[in-house]
Structure formats: structure tokens, C-alpha cells
Amino acid sequence: MLLRWAVSIVLNAVALIVAAELFDGFHLAGFGTALLASIILGILNTIVKPILVVLTMPITFLTLGLFLFVINAITLMITQTVMDESFMISGFGTAIIAAVILAILNLLLNKLVRDRIT
């Protein structure tokens, strides 16, 4: 279980680095910063995201789940606030697009790696 968590953190850090390379408005200082951001994002996804999902259930239902990308963007913006200038997102639109890219990258990376771990 601890190995899966560590692999998930590293894969999320890799996805963050790829997103930072894709967008000019998404700045990440290095792999260490990506690991720290990944850990903070994991904590926020465990604590804050379920609360936001419950509070926004009606709008999530009406948008057929697409509002979850907005919630992911909010957690990215909170992560940026917790960290210093080493992790910066220029605006909420960039955060939404980055949330979509991160979801796709995490899905692909986890599918490739987790099948080999289990």
C-alpha cells in the first residue's frame, strides 16, 4: 500500500512536470518542487476535494460530471497558494486546462505502471 502511494506521488509529479512544459502560464521550479506539490495535492484531494464534491453535487450532476475539472482546478490553485513562487499558475483558465491534462496524464501513467506493480 505504501509502495502504491509513493508510485502515485511520483507519477503525479511527472504529470505536473509535463503540464508545466506544455503551458507558459504553469511554472514549476524542478522535480523536487513537483514532488512537494504532488504531496500537497494528494492531501488536498483526500481532505478538501470530497467536501467540495458534496457541496457542488447539484451542479456536478447538471454538467454530467464536467464540474469536477473545476474542482480539480480549485485544488491546483490551493496548492499554488500553499507553495511559494516555485509553483505558479497564471490564471484559473490555465488551472482548468491543466486539470484536464493532469487527469489524462495520471490516467495513462497509472494504467501503464500500476498494472506492473500489482
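Residues numbered from 1 in each chain as written. Predicted model: local features only at pLDDT ≥ 70, side-chain atom pairs only at ≥ 80, totals over all residues. Heavy atoms only, no water.

Named according to an unreviewed UniProt entry, the chain is Phage holin family protein originating from Lentibacillus cibarius.

Trainee: Any chance you could explain the environment of alanine 95 here in plain terms?
Mentor: Inspection of the secondary structure puts alanine 95 in helix H5 (residues 92–117). Spatially, the C-alpha atoms of alanine 95 and phenylalanine 26 are 8.1 Å apart, while their sequence positions differ by 69 residues. Apart from residues lying up to four places away in sequence, alanine 95 is in contact with Ala73, Leu76, Met77 and Ile89. (Helix = DSSP H or I, 4+ residues; strand = E, 2+ residues; numbered from the N terminus. Contact = heavy atoms within 4.5 Å.)

Trainee: Hey, could you run me through the packing of helix H1 (residues 2–22) against helix H2 (residues 31–55) in this one?
Mentor: Between two packed helices, both the angle of their axes relative to each other and the distance between the axes serve to describe the pair. Contact geometry for H1 and H2: axes closest at 8 Å, N-to-C directions at 120°. As for how H1 packs across H2, the hand of that crossing is right-handed. Contact residues: H1 offers Ile9, Val10, Asn12, Ala13, Val14, Leu16 and Ile17, while H2 offers Phe31, Ala34, Leu35, Ala37, Ser38, Ile39 and Leu41. Broken down by class, the residue content of the contact of H1 with H2 amounts to twelve nonpolar, two polar and no charged. (Axes fitted to C-alpha atoms, helices over the stretch in contact; angles between N-to-C directions. Left-handed = near helix turned anticlockwise from the far one by under 90°. Nonpolar A, V, L, I, M, F, W, Y, C, P; charged D, E, K, R; others polar.)

Trainee: So what exactly am I meant to see when it comes to the UniProt feature "transmembrane region" (unreviewed entry) in the chain here?
Mentor: With numbering matched to this structure, UniProt assigns "transmembrane region" (unreviewed entry) to residues 25–44, 51–75 and 87–109. Here residues 51–75 is 80% helix and 0% strand, with 12 Å between the C-alpha atoms at its ends. As annotated, residues 87–109 comprises 78% helix and 13% strand, and the C-alpha atoms at either end are separated by 22 Å. (UniProt positions renumbered as here; feature names shortened; annotations may be inferred.)

Trainee: Help me understand the layout of surface pockets in this model?
Mentor: Sizing a probe to match a water molecule and rolling it over the atoms shows the empty space that remains. Considering only enclosed or pocket space, the largest pocket measures out at about 400 Å³ in volume. Where the lining of the largest pocket is concerned, the elements lending two or more residues are H1, H2, helix H4 (67–82) and H5. It is H5 that contributes the most residues to the lining of the largest pocket, six residues altogether. Residues belonging to the lining of the largest pocket are distributed by class as follows: seven nonpolar, nine polar and two charged. (1 Å grid on protein atoms, 1.4 Å probe; cavity = no way out; pocket = protein on both sides within 12 Å on 5 of 7 lines; lining within 4 Å. Points joined across faces, edges and corners; volume = space filled by probe spheres on them.)

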